[in-house]
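# Close look at the chain arrangement
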Amino acid sequence: MVSDNLKVGVFICKCGGNISDVIDIERVKESIDADVIEEYTNLCSINGRKIIRDKVIGDELDRVVIAACSTQSHLKTFQAYVQPLNPYLMDMANIREQCSWVHSTTDDDFNQKATDKVITLINASIGKVSKSEPVDPIVVQTPNSAAVVGGGISGMSAALSLGKQGIKTYLIEESPSIGGHMAKIGKVFSPVKIAEECGLCLLNPVLNDVVWNENIEVMTNSKVVKANRRAGSFNLLVETKPRYVDSEKCLSCGDCVDVCDKLIPNDWNDGLTNRKAIYKPFAQCYPDSYVIDIDNCDKCGDCKRECKMDAISFRRENEMIPLEVGSVILATGHKLFDPDLRPEYGYSRFKDVITQSELGRILGVNGPTKGKFQCLSNGEVPKNVVMIQCVGSRDDTPNGHKYCSKVCCMVALKNANIIKHKYPDTNIIICYTDIRTPGMFEKYYKHAQASGIRLVRGRPGEVGKKDGHLVVRVEDTVKREFKELDADMVVLSTAIEPSEGTNEIAKIFDVSQSEDNFIKEANPKIKPVTTDIQGAFVAGTAQDPKDITDSILQATASASKVSEIVSNGIEIEPFIADVDYEICDLCGECIEVCKYKSMSIEKDRIFIDPMSCSGCGNCIAKCDKNAISINGNIDEMIFSTIDGILKDKKPGEKRIIAFLDDIGYTAADNIGINRLSYPESIHIIKVISVNRVMPKHIIHALKTGADGIFIGEYPGDLLYDEIEHNMKKIRREIEMNNMNPERLAFSKVYIPYFSGLARKFIEFDSKIDEINDLAK
Amino acid sequence: MKQIPDKNILLFKSCLVSIEYPGVESSTTFVFDKIGVDYFVSREQTCCTGLGHYSDVFDQFTTTVNGARHFALSHKLNRPNFAMMCATCYAINKRVANLLNENDELRDSVNDVFDDCGFEWMKYEKDDITSRENIFHVIDIFYSKRKEIAENIKYDFSDFKIATHHGCHYCKAHYHDTIEGVRNPHIIDDVVNACGVETVGWYDFKRATCGNGFSQRFVHKDLSMDATNDKFKSLKDKNTEILIHLCPNCHIQFDRYQPYMEKHYGEKLDIINLNIAQFLAIAMGADPYNVVGIQTHTVPVEPLFDRLKLLSDEDKKMIIENVSRKVDLDNSADFNMEADTIKVDFKKGAK
Amino acid sequence: MDEKFEHGSLDLAHFIMNDIKFAQGENLLKCVQCGMCTSACPGAQHSDYNPRDMIEYILEGDNSIIESEDIWNCFYCYTCHSICPVGNSPCQANQVLKQIAIDEGIADEHLRPFLGFGDSFLNHGMGGIPQNFFKEMREDIGEDWWEFKNHLDDVRTQLGLGPVYPDDDSIEEISTILVKCGFKDRVEKIREIKDYEK
Ligand code: SF4
Ligand code: SF4
Ligand code: SF4
Ligand code: SF4
């Protein structure tokens, strides 16, 4: 069926027995028709590469079929191995995940049905490559600039790394100063030195470097309010609120503060102290200038009159600043669990029940008590301190978080250590379920124990008051004893949860969030900093709970991801829409139908954003002038793949074709990876979008011998509703062709729900049996 | 917030209400009539099996069959919305509904029993009754009608120290369904609040059991009374004068056994007990003996009436205003149910 | 000891998970032994009962927990159930353990005082405190209460309420059903005095 002038090579991989234990490779080789047929134990190895390359060059192959694993595992490998052949002239027949792994052997013999299926799948691939055309991957160059959203330690570290690599960087921070949570933590733990270090002292050099780096533009009081992705760049709209104090003029003398008489709880001290409506967030803040909290200001003008520099003006408006950048790093950070959601611990009822963060402020020399450790109720040094771990973490009940917040065990140990060193007479008990101090942190844990900190293994049920002091009710599970622990101070280790900023930014950039609302990485194992939006990366606690070191690690990792894109551009699949400008009359119909919003009119031309076009082909159907085509001859390829699958179909044999896109294909792979099974009759064809499978393809397949057609689509796909709707039409068309419309099945697919897909395959297979019986 | 019905309600009789505190039922219907709730009480109803169930005498299957009969009855009467006067009835029936809807095998066996007895009409079909949409406690209905309650108040209770106790089987057994707090239950406080009265709010052991513990009160009396004593001590610390609850079993524990507790632990308690329906009925001016049924109480309720004042028109206007504002706030999406009540300060007006 | 559950296995745990009294499924297996249940448990605060420990027995496959006297100190207050951070329910697990003990015939003594609940349901279609407790209650509560009990119908009439019990047809209906469920047999079996008890 391949035209005579195309030389095809088929390479079959045994995959170290993974394939060849189930499939009779010899019979496969005998049954297919190609110019070159080779087999090898591990085609993906360096030796495999040699075999393939030698044949491609030596035999001057025009097309190559690799029958091996899934494209998910080795597409890129084999695209490289077939060089100098154009990568799109090679196709992979998935005979492992979608064949040998789902159809096992019953006895010592090979699985003959599965062997037949391999032959069919190879024929399908031969059919497909016979119609394929050489295309080049599209590389999109992105501007040499980036925006980092969030000015905490993650954002600052990322910005600094970018700036040092010569990338123009905008560091966008919502509050009046960069610095984030780290600025107020006080001491930070250091596992190696087994000591605590001054957080601000570590932060300050970073902050200064950020400020002095000429590539970094710090935008405080600013928020991204809109974001659009277009052809390798992001168009952002940043809203900057006025500070009402001109940073250029302000000398930070503080004269204004004395005359302001509005008192507002000071965030920086977790509300333990008050500040004025005109204030400086903290001593080392940047910009180093005062700012007016306009929501709490009476606009009396006293400060304005007092300022010698005339730096204050109330006539300022919000500014909208458009930015165009190549990449973004989302570092919008976290907030802490609201302790009132565990009312049994009495946070709002008892002054001396506080959070670890508040304890950090109380212990900080720059905090509300100037570092004097004391009860908030009476100013005395507490004799007994009880810490309660996992408040809001590892908790499946309403409002709780199922995950471990990862840092609170270390935070509790750190604060306990600091107290113990300065106030050895204070007894400290940490009530815990598990102490989690992995790696080097374990040494710090031992160190804390050696300083005399006590641990009670049990999760307290409540905090009450008895004879004037607090009691923590807990079971000492090691001793099997219910206890009431006396306490002058109770400290709650509250969970880390995504900040509001994190939730907002995820919506604005349309990046996916995890079930716990953190920003989701593309793959937690191997792509820990990329998001599902090309060019958008995540760093720090916006992605999951982590400590400062991990935040910096992730920040620098995301910065180098940005630099990869800046130096090499983004490579994308070339199967996207293309407009013939000679024919196009700019009616604009196509713009509307594109669910991926990739079409627009720019400079009197239809512009298709290659980054967002999925190649679904919706616009083709809409354009009555036939001005749009999609690269890669896909229509013809689908026909020839179908023909390949139905080639040599024997009487009584059953062949079902399943069309799946990337997601469905991955789900199908997962069936194999998990070694579930489904009938051999199922033959999967991977398409760019199931929308590209037209009624004509389906009718053709059914007419030429397919017993059934299965179409799977991920309900989250933008085209889902439309495709589901189209199915009715296609069924009608099938009926008009005098065939049973039930031969077409449509189903939802999800990657994690692969077992469901396997079940659907099995059900559809037996339904086809019924239909076939009926037809007899 | 979840949808709470005020029509087609089957007011589910409770055995302990009927036998021990019948005034709870007459007070409930009195208040329902005032605030516009459409209900019906049926003599075809048996009871939920709760007391026997939690004394381990009833097995879950028997309880489920008995529950299914009531679900059928409610459809026969076209009153598919249950309102319970007792926390146990509430929890038992929710569990039965969940089981019947989720466990196909069990549902079939239940229907087999009905078939065998020739009671075709009782057969249950999946989702005939759903726990969340059809099964409520009377307190839920009061809560959804706080504006109407405020409009019907005649007497002023604001001079009393009032505390609340929330039945365990109301707020903890089906905690995903509970409104206004599981860890800090305060739905009764909110309803009392709608009468212009502030409660003492949280007290130590507020969410703990009343101590009856079903079998415990009868066979482990010391254990039971020790648990009750934890509560009484803490209530006394708050100088509580009236304790309001929503379950007759708690009512027995706090009221019937109060004299015994006083003797046993040597402390005078003098805490008047009222079911929330009785409290509302009194506040709305119901007759103490012909409606509220205070003659059935062990701790005398009479002293309360000496101190009760008529509500002035101005105060009432202010209460209505503040309650409407709070109800709207509660209904807004970002209200946090688990945190302490956002108290309406009636003297200064809500912020 | 019951052979149904192999000692040291998860048999007992699986049995509980699958019992219709237990609604928390595999969360039983997720117990981290944190003790939060015990920390807030009235039974644990005032007796030797310990719900965390009880769960540990179940997960260890130590069937002796079925015979433990301590488990009879649970209040069924569902406090543990509502706060358990893994969504387990010691309260419901306890209820199943007792049903096992009952089925094994080793809990009759515990149940006999409460059989009145069953009888009254079979005869009057309604629960109600068993009469065997009245004497002690009368002492504890006082004569006023006794007086009121004897005039319940009058009080109900005064309050405008109908008769206490369901109508006769309904009582008939419910007893038929309860007999069919095997409930009557269950009650009778418990009432029997076993040889070893004599
Ligand atoms: S880090 Fe420790 S305290 Fe924090 S959630 Fe994890 S185990 Fe609990
Ligand atoms: S529909 Fe066709 S002709 Fe019209 S604007 Fe789009 S591409 Fe051009
Ligand atoms: S049952 Fe729940 S609360 Fe009790 S120990 Fe286990 S995990 Fe903790
Ligand atoms: S239900 Fe039982 S185990 Fe659970 S807290 Fe109450 S008394 Fe304790």
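In what follows, the structure referred to is the one given above.
Everything quoted here is computed from the prediction, not taken from an experiment.

### Details of the overall build of chain C
Along the backbone of chain C there are 13 helices and zero strands. Secondary structure of chain C in N-to-C order comes out as α-α-α-α-α-α-α-α-α-α-α-α-α. With respect to the three principal axes, the spread of C-alpha positions in chain C is 60 × 35 × 35 Å. For chain C, the proportion of its 198 residues judged to be buried stands at 47%. By sequence separation, contacts in chain C at least 24 residues apart represent 63% of the contacts at least 6 residues apart.

### Description of the sheet that holds strand β6 (residues 162–164) of chain B
Residues and elements named next belong to chain B. On the basis of which strands lie adjacent, the open sheet formed by three strands has the order β6-β7-β8 and parallel pairing. Only two strands of the sheet have a single partner each, and these edge strands are β6 and β8 (272–275). Between one strand and the next, the sheet's axes are offset by a mean angle of 30°, whatever the strand orientation.

### A short note on the pairing of strand β7 (residues 168–172) of chain A
Residue and element names in this part refer to chain A. A large share of β7 lies buried, amounting to four of its five residues. Note on the crossover from strand β6 (residues 145–149) through helix α6 (residues 153–164) to β7: the handedness is right-handed. Here four bridges tie β7 to strand β10 (residues 216–219), and the two strands are oriented parallel to one another. Bridge pairing in β10 places L171 opposite V218.

### Quick word on the site of ligand 1
Residue and element names in this part refer to chain A. Taken together, Q389, C390, S393, R394, C404, S405, K406, C408, C409, D434, R436 and S493 are the residues near ligand 1. At the level of secondary structure, the elements contributing two or more residues to the shell around ligand 1 comprise β21 (384–391) and α12 (408–422). Split into classes, the residues belonging to the shell around ligand 1 amount to four nonpolar, four polar and four charged.

### Description of the interface of chain C and chain B
Contacts between chain C and chain B engage 56 residues on the former and 64 residues on the latter. Element by element, the count of residues in the side of chain C that touches chain B is highest for helix α12 (residues 168–180) of chain C, at seven residues. In the side of chain C that touches chain B, the residues fall into 30 nonpolar, 17 polar and nine charged.

### Let's talk about the pairing of strand β26 (residues 481–487) of chain A
Residues and elements named next belong to chain A. Relative to β26, strand β25 (residues 469–476) runs antiparallel, the two sharing seven bridges. If you follow V472 over to β26, its bridge partner there is L485. Remark: four residues form the turn of the hairpin made by β25 and β26, two consecutive strands paired antiparallel; R480 in that turn has positive phi of roughly 55°.

Rules used in this analysis
- Throughout this description, residue numbers start from 1 for each chain and increase along the sequence as written.
- Chain letters and ligand numbers both follow the written order, the letters beginning at A and the numbers at 1.
- Two thresholds apply to this predicted model, a pLDDT of at least 70 for residue-level local features and 80 or more for giving and counting side-chain atom pairs, whereas whole-chain, interface and lining totals are computed over all residues.
- Think of it this way: any DSSP run of H or I at least four residues long counts as a helix, any run of E at least two long counts as a strand, and we number them from the N terminus.
- Partly exposed residues are those whose C-beta has more than 12 but fewer than 20 other C-beta atoms within 10 Å; with 20 or more the residue is buried, with 12 or fewer it is exposed, and the C-beta atoms are placed from the backbone.
- C-beta atoms are placed from the backbone for every residue, and two residues are taken to be in contact when these atoms lie within 7 Å.
- Two strands qualify as a pair provided that DSSP identifies no fewer than 2 bridges between them.
- Axes here refer to lines fitted to C-alpha atoms; in helices the fit is confined to the stretch in contact. Angles between the N-to-C directions go from 0 to 180 degrees.
- For crossovers, right-handed means that the path from the first strand over the helix to the second runs clockwise, given strands pointing away from the viewer.
- All residues are tested the same way: a C-beta atom is placed from the backbone, and lying within 6 Å of a molecule or strand makes the residue near it.
- Here the nonpolar group is Ala, Val, Leu, Ile, Met, Phe, Trp, Tyr, Cys and Pro; Asp, Glu, Lys and Arg are the charged ones; every other residue, Gly included, is treated as polar.

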